[in-house]
Amino acid sequence: MSQQTTPTTDAVSVLIQELNKLPGIGPKSAQRIAYYLLRANELENQSLAEAILQVKQKTRLCSICLNVSETDVCHICSSEPRDRTKICIVEQPQDILAIEHTRKYNGLYHVLHGALSPSEGIGPDDLRIKELIDRLKSGEVTEIILATNTNLEGEQTSLYLHRLISPLGIKVTRLARGLPFGTELEYADDMTLSRALEGRQEF
Ligand SMILES: [Zn+2]
């Protein structure tokens, strides 16, 4: 019996494997995209490859809020009309996009880059909490809005931050309960998120 034939070449299977590592891309989608790229013209593939490389090379974290930025200070932190007395705390940079999209918030942000998860060994030192506390030292901030995800990790993180920040005499609020438990902020719809933001309550 001859050697079993493989359905794809090495190059195609490597591409499928790489695509399959991306969030939301299962094996079937990975296959579909790989064969699409195989048929696409080389110039288009080059622009895609270039865009993937540049996203790492051109971006850094804002030195103030740790949002993704192409400049040392991001466009939100450097925007004059923004209300500097409010900081909204989010887990990931993409959560800022979700909140900005509602057009209901005009304050600043702080990105934690994760959430507390004792089971995965993620503690306060693994999040960008120290940077947040440093920002509060100026005394300009009067309200902290906790906008972590509504899952177990998000709730633990909010609770921890509330205990840490409220003794500093700063009002700590959280998004209203309109968001169902288990919601990741980036996937919340505009209307629900707007309501949650407007109806925010003191912790
Ligand atoms: Zn910033």
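The structure contained in this document is the topic of the report that follows. (Residues numbered from 1 in each chain as written. Predicted model: local features only at pLDDT ≥ 70, side-chain atom pairs only at ≥ 80, totals over all residues. Heavy atoms only, no water.)

1. Brief notes about the overall build of the chain
Reasoning step 1: When helices and strands are counted, the chain shows 7 helices and 7 strands.
Reasoning step 2: Traced from its N-terminal end to its C-terminal end, the chain shows the element sequence α-α-α-β-β-β-α-β-α-β-α-β-α-β.
Reasoning step 3: In summary, the chain has a C-alpha radius of gyration of 21 Å against a globular reference of 17 Å for 203 residues, an excess of more than 25%.
Reasoning step 4: Projected onto the principal axes, the alpha-carbon positions of the chain cover approximately 75 × 35 × 35 Å.
Reasoning step 5: For the chain, buried positions account for 36% of its 203 residues.
Reasoning step 6: Roughly 12600 Å² of accessible area belongs to the chain as shown, and the carbon and sulfur atoms make up 54% of that amount.
Reasoning step 7: If the 22 positive side-chain charges of the chain are averaged to one point and the 27 negative ones to another, these points end up 3 Å apart. (Helix = DSSP H or I, 4+ residues; strand = E, 2+ residues; numbered from the N terminus. Rg over C-alpha atoms; globule rule 2.2 N^0.38 Å. Buried < 20%, exposed > 50% of the residue type's maximum accessible area, 1.4 Å probe, protein only. Areas by Shrake-Rupley, 256 points an atom, 1.4 Å probe, with all protein chains shown as cover. Lys, Arg positive; Asp, Glu negative; His and termini not counted. Charge placed at Lys NZ, Arg CZ, Asp CG, Glu CD.)

2. Here we look at helix α4 (residues 93-102)
Reasoning step 1: Along α4, the residues that are buried comprise P93, D95, I96, A98, I99 and T102.
Reasoning step 2: Where α4 is buried, its residues contact β2 (68-69), β3 (83-90), β4 (107-111) and α7 (190-198).
Reasoning step 3: At the exit of α4 stands R103, carrying a positive phi of roughly 60°. (Contact = heavy atoms within 4.5 Å.)

3. Looking at the pairing of strand β5 (residues 143-146)
Reasoning step 1: Going residue by residue along β5, you find E143 and I145 tucked away on one face and I144 and L146 tucked away on the opposite face as well.
Reasoning step 2: Here β3 pairs with β5 via 4 bridges, running parallel. Paired with K86 across the bridge in β5 is E143.
Reasoning step 3: Judged from the 4 bridges that link them, β5 and strand β6 (residues 171-174) form a sheet pairing that is parallel. Bridge pairing in β6 places E143 opposite K171.
Reasoning step 4: The β-α-β motif built from β5, the intervening helix α6 (residues 152-165) and the parallel element β6 has right-handed crossover chirality. (Pairing = 2+ DSSP bridges. Right-handed = clockwise from strand over helix to strand, strands pointing away.)

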